[in-house]
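# Coordinate inspection notes
Chain residues, written in single-letter form:
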Amino acid sequence: MCGIAGLLLNTTASSIAVDRSARLDTMVDALTHRGPDDRGTRVEDRIAIGMRRLSIIDTAGGHQPIPNEDGTVWIVYNGECYNFLELRDELISAGHRFTTRSDTEVMVHGYEQWGIRGLAERLNGIFAFCIWDSNARKAFLVRDRLGVKPLYYCSRTPALGFSSELRSLAHSGLLLPKLDEEAVWTYLFYQYPPTSRTLIAGAERLPAAHILEWSADTGATRVSRYWDFPEGGERDDVSMPDAARELAELLDDAVH
């Protein structure tokens, strides 16, 4: 299952920055039940990211956070990429060097090769991850197309906090112990949360198929969609036998 958490600092002159390591440890430890096999953190001037890991792919060599070759790009990742072997081969052909066999490292080199949007558009899987680029001084939060993997965040003047769970995010020091009454009422009415608001005031859910971009220089955030459902309607460009054959191929690929 795994879980990720982090603090992205808008300014280093705050109480959040002074004890960011301790706050991150508390946030990560609150996710232990999601990842009992491993634990890792990375703390730099502007970022503090960490994760708890449930080992599935490359159980021995997939310790996170994982960097690129020169340590300028780091990632914490929760999920599984079903086409990571194909992407890995493509990246190796482009000259990238891998030190693990995990799907997480594919994300780092994929970001270097295609950029954050190009990477997200190529991924076939379920995921929520954070990439920190120290050269660009930007961090990116990304969630899978249908929102299978959870990712929550809150943004305040001193920092932006994120986590796989609200109980972990509550340890960031960026939230007050207060319910979002509108979110509570919409949940009771619809029996599911229809917006990005959550039961905790100030905490938001990153929408499915979206990227949040954060700048270390300005603290500004920008949320954008990278995928949407294809336009509906019946197709008139394919015969029934061809459509049945295409559907069978898609089902075989999905099961594989």
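Structure: see above.
Attention in this report is confined to the structure presented alongside it.

Rules of the game
- Residues numbered from 1 in each chain as written.
- Predicted model: local features only at pLDDT ≥ 70, side-chain atom pairs only at ≥ 80, totals over all residues.
- Heavy atoms only, no water.
- Helix = DSSP H or I, 4+ residues; strand = E, 2+ residues; numbered from the N terminus.
- Expected span 1.5 Å × (residues − 1).
- Bend = angle between axes of the 7 residues up to and from the residue.
- Buried < 20%, exposed > 50% of the residue type's maximum accessible area, 1.4 Å probe, protein only.
- Phe/Tyr/Trp six-rings, centres within 6.5 Å; stacked < 30°, edge-to-face > 60°.
- Lys NZ or Arg CZ within 6 Å of the ring centre and 35° of its normal.
- Pairing = 2+ DSSP bridges.

## Focus: helix 4 (residues 103-122)
- The terminal C-alpha atoms of helix 4, which comprises 20 residues, lie only 13 Å apart, well short of the 28 Å expected from a rise of 1.5 Å per residue.
- Considering bend angle alone, the principal kink of helix 4 is centred on Trp114 and spans about 115 degrees.
- Where burial is concerned, most of helix 4 is hidden: 14 out of the 20 residues are buried.

## What to know about the packing of aromatic side chains
- If you walk through the whole model with that rule in mind, you get seven aromatic pairs.
- Taking the centre distance of 4.8 Å and the plane angle of 85 degrees together, the rings of Phe189 and Tyr190 count as edge-to-face.
- The class for Phe189 is exposed, based on a relative accessible area of 64%.
- Among the aromatic residues, those joined into a ring-pair cluster are Tyr77, Phe127 and Phe129.
- Sitting over the face of the ring of Phe98, Arg88 holds its NZ or CZ atom 4.7 Å from the ring centroid.

## Points about the sheet that holds strand 9 (residues 159-163)
- A sheet is described by the order of its strands in space; here six strands give the open sequence 2-3-1-9-8-10, paired in antiparallel fashion. Two strands bound the open sheet, and with one partner strand each, they are strand 2 (38-43) and strand 10 (204-205).
- Strand direction decides the pairing type here: strand 1 (residues 3-9) and strand 9, joined by five bridges, are antiparallel. Within the sheet, the bridge partner assigned to Leu8 lies in strand 9 and is Leu160.

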